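# Breakdown of the fold
What follows is the residue order along each chain.
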Amino acid sequence: MSEKRELTPYEKVLAARSSERPNTMEYIEALFTDFYELHGDRLFRDDPSIVGGIARFHGQPVTVIGHRKGRNTEENIRYNFGMTSPEGYRKAVRLMEQAEKFHRPVITLIDTPGAYPGIEAESNGQSNAIAESISYMSRLTVPSIAVMIGEGSSGGALALAVADRVWMLENAVYSILSPEGFASILWKDAKLAPEASRVMKITAQELLEYGLIDGILPEGRRVYQAMDRMLRTELASLGKLGPDALREERYRKYRKIDRTAFSG
Amino acid sequence: MNIDDIFLQRRKRWNSLLQIRKNPPEEMKECPVCHKKIEKALLRGNFGVCTECGYYFPLSPRRRLELVCDAGSFKELDGKLSTGNPLDFPEYEQKLAQNQMKTGQTEAIVTGVGSIQNHRVAIGIMDGRFFMGSMGTVVGEKVARLCEYAGKKKLPLVLFCASGGARMQEGLFSLMQMAKTGAAVERYRQNGGLFLSVLTNPTTGGVSASFANLGDIILAEPKALICFAGPRVIEQTIGQKLPEGFQRAEFLLEHGMIDRIVARSELKETLGTLIALHQPKKKDKNHE
Ligand SMILES: [Zn+2]
């Protein structure tokens, strides 16, 4: 048995945000070979907060897309702290369309404080870009796996996470918005974020219990090994389903998330 | 119309005007923009639009249905669906009860079937006054069921959106409704369904970034606030004041994000015309 104390929800929020954590690029380098990055949404610009391209996973071509965060301030400014603009989601959809065409599984790595709330982002259709990414992922006919590697916050995370399988690292968080945002909206005080983190139910363990995610990966030295094994197992089992079955099962997966009462 | 009818109508109108005169002050409603006090009956007759400055008052789903659907045609579906407090969020049930008392609605959307200018449609009306029109599991479930119903019955789908975003108290269950509704709308559209989305003030956050902005045709009411991140969040993030009219319907039209802005008084006819344009070719005797 591990002697390690389980972190509180807010400690997990801080851990999930830590720049000490492996980021998307490090997972890509550790897990895939022949990664070839592709750029641009073909409409406006290349959003550096999203990295995506083609790679091989144990020889199999796959499409990999993830939020990009930096190791230091300079890198973080370049990647906009992992906050994505419409161009980023549109690039992601473009790469997913290619995956669909060439029958490659889609693997996404989620690590974002949320979609970027800026003037340009709103002017260029942030809502529309997120909505289109959600709806496109819902009708892919190739296997898709999303992994929350850090913070998965708001529609900005979900836009890349409507997948056949959703896994979380043990200290990752997945939430409707940041605990600070939640506390300031509901209680008019962002300093109540620790309390918010508790009532929001954002940890991997809580979300697995609710059936909202499919599994949890241990962190630490063996994280790459664990993720590699998970991806191999999931891709093998999803690979047995045909295109229609994949789409149908994914539809059911999200369709059945229902906690309504007095269903008439 | 014979002369008696005309007199009868005149008298009715006269009586209603007298009625308005006699009405006590609480029968007046103040416009939040120009502060003019308007008689409620007058406001009602003007589609809930301020007679002075043109401000669009929020409408109850019932009133919206009266304005859009053919009289007596609407039949509600899934009206008894209510939320089960998925996270056991403190005081959520009390808050829901308060919102139910305030609005007379069970949740932030009413869905059903009706007709618009004699075209049968599946229609949903969000209530921005109920929990700020936020989307929790009930809103998500009702939208998804309506899409599936519309798909099965081969009906056009009309959704009037009004939402402050996610239902905070339902946490990730709320976020997942973006995936659920996005997937349901997408499946309906892929199977050939016509989805007309009408964005009303305000359409923001998770509703804006899911089904609301997936319409085959997207209409909006004048000056409606339509955005993902709200103006205050953006101002806090970038530390500067936002330009006048930012994120309003007119701004979105200019930026290519919506098809048309339609006055409330013309919405019924517009929807009817658009639905008719999606019907099979009309037989035209002169061109056969
Ligand atoms: Zn006014």
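Here, the structure is the one placed above.
Quick caveat: nothing in here was measured; it's all calculated off a predicted structure. (Residues numbered from 1 in each chain as written. Chains lettered and ligands numbered in written order. Predicted model: local features only at pLDDT ≥ 70, side-chain atom pairs only at ≥ 80, totals over all residues. Heavy atoms only, no water.)

## Focus: the overall build of chain A
Quick note on the threshold: For helices the rule is a DSSP run of H or I covering at least 4 residues; for strands it is a run of E covering at least 2, with both sets numbered from the N terminus onward. Radius of gyration: over C-alpha atoms. The globule rule applied is 2.2 Å multiplied by the number of residues raised to the 0.38 power. Partly exposed describes any residue whose relative accessible area lies between the buried limit of under 20% and the exposed limit of over 50%, with all areas from a 1.4 Å probe on protein chains only and scaled to the type maximum. Contacts between residues were defined by any pair of non-hydrogen atoms, one from each residue, lying within 4.5 Å. This count recognises Lys and Arg as positive and Asp and Glu as negative, with His and chain-terminal groups excluded. In this description, the location of a charge corresponds to atom NZ of lysine, CZ of arginine, CG of aspartate or CD of glutamate.
Within chain A one finds twelve helices and nine strands. Taking 264 residues into account, the globule formula puts the C-alpha radius of gyration at 18 Å, and chain A, at 18 Å, falls close to it. Its C-alpha atoms give chain A principal-axis dimensions of about 50 × 50 × 45 Å. Buried positions account for 57% of the 264 residues belonging to chain A. Once local pairs closer than 6 in sequence are excluded, the contacts in chain A between residues at least 24 apart make up 71%. One way to put it: in chain A the 35 positive side-chain charges average out to a point 3 Å from where the 36 negative ones average out.

## Notes on the environment of V113(B)
All names here are of chain B. With respect to the helices, strands and loops of the structure, V113 is situated in strand β5 (residues 109-116). Distance from V113 to E141, taken between C-alpha atoms, is 16 Å for residues 28 residues apart in sequence. When near neighbours in sequence (up to four residues on either side) are disregarded, V113 contacts S73, F74, K75, L77, R120, V121, A122, Y149 and L155.

## Some details on a positive patch on the surface
Residue and element names in this part refer to chain B. How we decide: Patch definition: residues with relative accessible area over 30% and no salt bridge; like charges joined within 9 Å; nonpolar side chains (Val, Leu, Ile, Met, Phe, Trp, Tyr) joined within 5 Å. For the area figures, the Shrake-Rupley method with a 1.4 Å probe applies, and any residue is considered shielded solely by the protein chains shown. Criterion for a salt bridge: a side-chain nitrogen of Lys or Arg within 4 Å of a carboxyl oxygen of Asp or Glu.
A surface patch of positive charge is lined by K75, R120, K152 and K153. Following the sequence through the fold, K75 ends up in strand β3 (residues 75-77). Taking relative accessible area as the criterion, K75 reaches 55% and is therefore assigned exposed.

## Some thoughts on the coordination of the zinc ion
Residue and element names in this part refer to chain B. Our working rule: For Na, K and Ca the donor cut-off is 3.2 Å, and for all other metals it is 2.8 Å, counting N, O and S atoms only; because water is absent from this set, sites may look incomplete.
Coordination sphere of the zinc ion, protein contribution only: C31 (SG), C34 (SG), C50 (SG) and C53 (SG), at 2.2 to 2.4 Å. For the zinc ion, the donor residues sit on a single chain with the sequence spacing C-x2-C-x15-C-x2-C. Taken as a pair, C31 in the loop between β1 (28-30) and β2 (37-39) and C53 in the loop between α2 (40-45) and α3 (61-68) lie far apart in primary sequence, 22 residues in all.

## Comments concerning the packing of helix α12 (residues 243-255) of chain A against helix α6 (residues 171-190) of chain B
Keep this limit in mind: Fitting a line to C-alpha atoms yields each axis, with helices limited to the stretch in contact; the angle taken between N-to-C directions then spans 0 to 180 degrees. Geometric relationships in this document are graded by angle, where less than 35 degrees denotes roughly parallel, more than 145 denotes roughly antiparallel, 65 to 115 denotes roughly perpendicular, and other angles denote oblique. Crossings are sorted by hand: turned counterclockwise from the far helix by less than a right angle, the near helix makes the crossing left-handed, and turned clockwise it makes it right-handed. Ten residue types, Ala, Val, Leu, Ile, Met, Phe, Trp, Tyr, Cys and Pro, are classed as nonpolar, four, Asp, Glu, Lys and Arg, as charged, and the remainder, Gly among them, as polar.
Relative to each other, α12(A) and α6(B) sit at 135 degrees, their axes nearing to 8 Å. Between α12(A) and α6(B), the crossing angle belongs to the class labelled oblique. Pair α12(A) / α6(B) crosses with left-handed handedness. Of α6(B), the residues touching α12(A) (which contributes E248(A), Y251(A), Y254(A) and R255(A)) are M176(B), A179(B), K180(B), A183(B), A184(B) and R187(B). Its residues placed into classes, the contact of α12(A) with α6(B) shows six nonpolar, no polar and four charged.

## Considering the nonpolar core
Formally: Only buried residues count toward a nonpolar core. Its members are Ala, Val, Leu, Ile, Met, Phe, Trp, Tyr and Cys residues joined through side-chain atoms within 4.5 Å.
Ranked by internal contacts, the top residues of the largest apolar core, which has 131 residues, are F32(A), M96(A), Y174(A) and M227(A). M227(A) has contacts with Y27(A), L31(A), L109(A), V147(A), I149(A), L169(A) and L217(A), leaving out every residue within four places of it along the chain. The next biggest cluster of nonpolar side chains, apart from the first, holds 20 residues, and it includes C69(B), V121(B), F160(B) and I217(B).

## A closer look at the interface of chain B and chain A
Frequently, the measure chosen for interface size is the accessible area that the parts lose on association. The condition is simple: Summed over both partners, the accessible area lost on bringing two parts together, with a 1.4 Å probe, is the buried area.
Between chain B and chain A, the residue contacts involve 55 residues of the former and 50 residues of the latter. Between chain B and chain A, the buried area comes to about 4,500 Å², and carbon and sulfur atoms account for 68% of it. Of all residues in chain B, M168(B), L172(B) and F228(B) bury the most surface against chain A, accounting for 15% of the area lost on that side. Summed over the shared surface of chain B and chain A, the number is four salt bridges. We note a salt bridge from R255(A) to E141(B), for which the minimum N-O separation is 2.9 Å.

## Looking at the packing of aromatic side chains
Quick reminder of the rule: Aromatic pairing here means that ring centres of Phe, Tyr or Trp (its six-membered ring) are within 6.5 Å. Orientation follows from the plane angle: under 30 degrees is stacked, over 60 is edge-to-face, and everything else is tilted. Distance and angle both matter: a charge sits over a ring if NZ of Lys or CZ of Arg is within 6 Å of the ring centre and within 35 degrees of the ring normal.
Considering all chains together, one arrives at nine aromatic pairs over all chains under this definition. Arranged with centres 5.9 Å apart and planes meeting at 85 degrees, the rings of F182(A) and W187(A) form a pair that is edge-to-face. Connected via pairs of aromatic rings, a cluster forms that spans F182(A), W187(A) and F89(B). Over the ring of Y254(A) we find K253(A); its NZ or CZ atom is 5.9 Å from the centre of that ring. Over the face of the ring belonging to Y251(A) we find R187(B), whose NZ or CZ atom lies 3.7 Å from the ring centre.

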